[in-house]
Every structure is written in C-alpha cells, then in structure tokens.
Amino acid sequence: MIHDSSVVIAAERLSQTAYQILAAISQQKNDPEIAVSVVTILELAHGIARADTPARRAGRQKFLDDLLAGMPIHPVTIGIALRAGQIDGRLQATGQRMPIADLLIGSTALELGYSVATANVRHFAMLPGLVIEQL
C-alpha cells in the first residue's frame, strides 16, 4: 500500500507521530507492506518550508524525519515515469487533467502492484486499474 500525501498530512495535523500513523494503518488494513512515494517526501518538505511558525516547522520536520526513518520510500523509476506519461497522455486526450504529484504517486502504486491509501479519491479514481483504500 502506497500512502498518498493526504494521509500522512492528515496524521501530522492531528498531532500523530509518523510511528502512530504507521501502526494505526497497518493494524486497520492488516497490510505489512506500507510505503510512500518520493513525491510524498517532496510534498512534506514543501509543507515544512511553508510553516508559519518555528514550532510548526519543527513539528513538521520531526514528523518527516520519523517517516524517513520508519517507512520505505519508493523512487520514481523509468518504468513509473513511462507509465505516468502514458496515463497522462490518455487523460489529456479526453480533456482530463490530473495533478502531477498524484499521477506519479498513483503510477508508483500501479507499477509496484500496490493499492493507494488516500483521502483524495477523486484524483486517484482517474487511474485505470488502481485499487484505492479510502482513509
């Protein structure tokens, strides 16, 4: 299961640690293979840079550091990039657009044979064959 940014951001906003969210989702879904895309790391780093207080920045940094220490991170490989490009081309040919971050996260899951855990079903539903775990 690949976790979309919306899942880990929601956990951080609820003042849960990365360890708490990992344990809760693993127990809830009974899925020991939980990971994130490197794109989620990019989005979390963006959130750290945009933090409006030093305390919030430090909390977000701690959350990211713990996530990096405790969860597998999948890179965007050539196969994932090719799959994302093909999907994006087909979507745009029908007038649909999908945010590049969600496209890469979803393509990572498809390429690895994983589902996606997300609170953002609308975007991920655009990816044919993707199993979505709504959280």
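Preceding this paragraph is the structure being described.
Residues numbered from 1 in each chain as written. Predicted model: local features only at pLDDT ≥ 70, side-chain atom pairs only at ≥ 80, totals over all residues. Heavy atoms only, no water.

**Topic: the sheet that holds strand β1 (residues 2–3)**
Then comes step 1: Ordered in space as β3-β2-β1-β4-β5, the 5 strands form an open sheet in which the pairing is parallel. Both edges of this open sheet fall to β3 (73–74) and β5 (132–134), since each of them pairs with a single strand only.
Then comes step 2: Examined bridge by bridge, β1 and strand β2 (residues 35–37) share 2 bridges and lie parallel to one another. Of the residues in β2, the one forming a bridge with H3 is V36. (Pairing = 2+ DSSP bridges. Helix = DSSP H or I, 4+ residues; strand = E, 2+ residues; numbered from the N terminus.)

**Describing helix α3 (residues 38–49)**
One turn of an α-helix holds 3.6 residues; hence residues three or four places apart share an orientation.
Then comes step 1: Between its first and last C-alpha, α3 extends 17 Å over 12 residues, near the 16 Å set by a 1.5 Å rise per residue.
Then comes step 2: Elements that come into contact with the buried residues of α3 comprise β1, α1 (5–13), β2, α4 (54–70), β3 and α6 (100–112). (Expected span 1.5 Å × (residues − 1). Contact = heavy atoms within 4.5 Å.)

**What about the pattern of salt bridges?**
Then comes step 1: One pass over the structure, following the stated rule, counts 3 salt bridges.
Then comes step 2: Note that R56 and D52 form a salt bridge whose closest N and O atoms lie 3.0 Å from each other.
Then comes step 3: Residue class for D52 comes out exposed when judged on its relative accessible area of 57%.
Then comes step 4: For the salt bridge of D66 with K62, the shortest nitrogen-to-oxygen distance reads 2.8 Å. In this pair, D66 and K62 are both assigned in helix α4, 4 residues apart and thus about one turn of the helix distant. (Salt bridge = Lys/Arg side-chain N within 4 Å of Asp/Glu carboxyl O. Buried < 20%, exposed > 50% of the residue type's maximum accessible area, 1.4 Å probe, protein only.)

**Describing the packing of α1 against α3**
Then comes step 1: Contact pair α1 / α3: the axes reach a minimum separation of 10 Å and the direction vectors enclose 40 degrees. Taken together, the axes of α1 and α3 are oblique relative to one another. α1 and α3 meet at a crossing whose hand is right-handed. Where α1 abuts α3, its residues S5, V8 and I9 lie against T40, E43 and L44.
Then comes step 2: Of the residues that constitute the contact of α1 with α3, the class distribution is 3 nonpolar, 2 polar and 1 charged. (Axes fitted to C-alpha atoms, helices over the stretch in contact; angles between N-to-C directions. Parallel < 35°, antiparallel > 145°, perpendicular 65-115°, else oblique. Left-handed = near helix turned anticlockwise from the far one by under 90°. Nonpolar A, V, L, I, M, F, W, Y, C, P; charged D, E, K, R; others polar.)

**With respect to a nonpolar patch on the surface**
Then comes step 1: Side chains of V38, L68, I73 and V76 sit close together on the surface and give an oily, nonpolar patch of about 270 Å² of accessible area.
Then comes step 2: Its location among the elements puts V38 in helix α3.
Then comes step 3: The class of V38 is partly exposed, set by a relative accessible area of 36%. (Patch = residues over 30% accessible without salt bridge, like charges linked within 9 Å, V, L, I, M, F, W, Y side chains within 5 Å. Areas by Shrake-Rupley, 256 points an atom, 1.4 Å probe, with all protein chains shown as cover.)

**Points about the environment of A93**
Then comes step 1: Summarising the element assignment, A93 is placed in helix α5 (residues 78–93).
Then comes step 2: With relative accessibility at 67%, the residue A93 sits in the exposed group.
Then comes step 3: For the pair A93 and R60, spaced 33 residues apart in sequence, the C-alpha separation works out to 38 Å.

**Notes on the packing of α5 against α6**
Then comes step 1: The geometry of α5 relative to α6 is characterised by a closest axis approach of 9 Å and an angle of 120 degrees between their N-to-C directions. Taken together, the axes of α5 and α6 lie oblique to each other. The chirality of how α5 crosses α6 is right-handed. On α6, the residues touching G79, I80, R83, A84, I87 and D88 of α5 are L103, L104, S107, T108, L110 and E111.
Then comes step 2: In terms of residue class, the contact of α5 with α6 is made up of 6 nonpolar, 3 polar and 3 charged.

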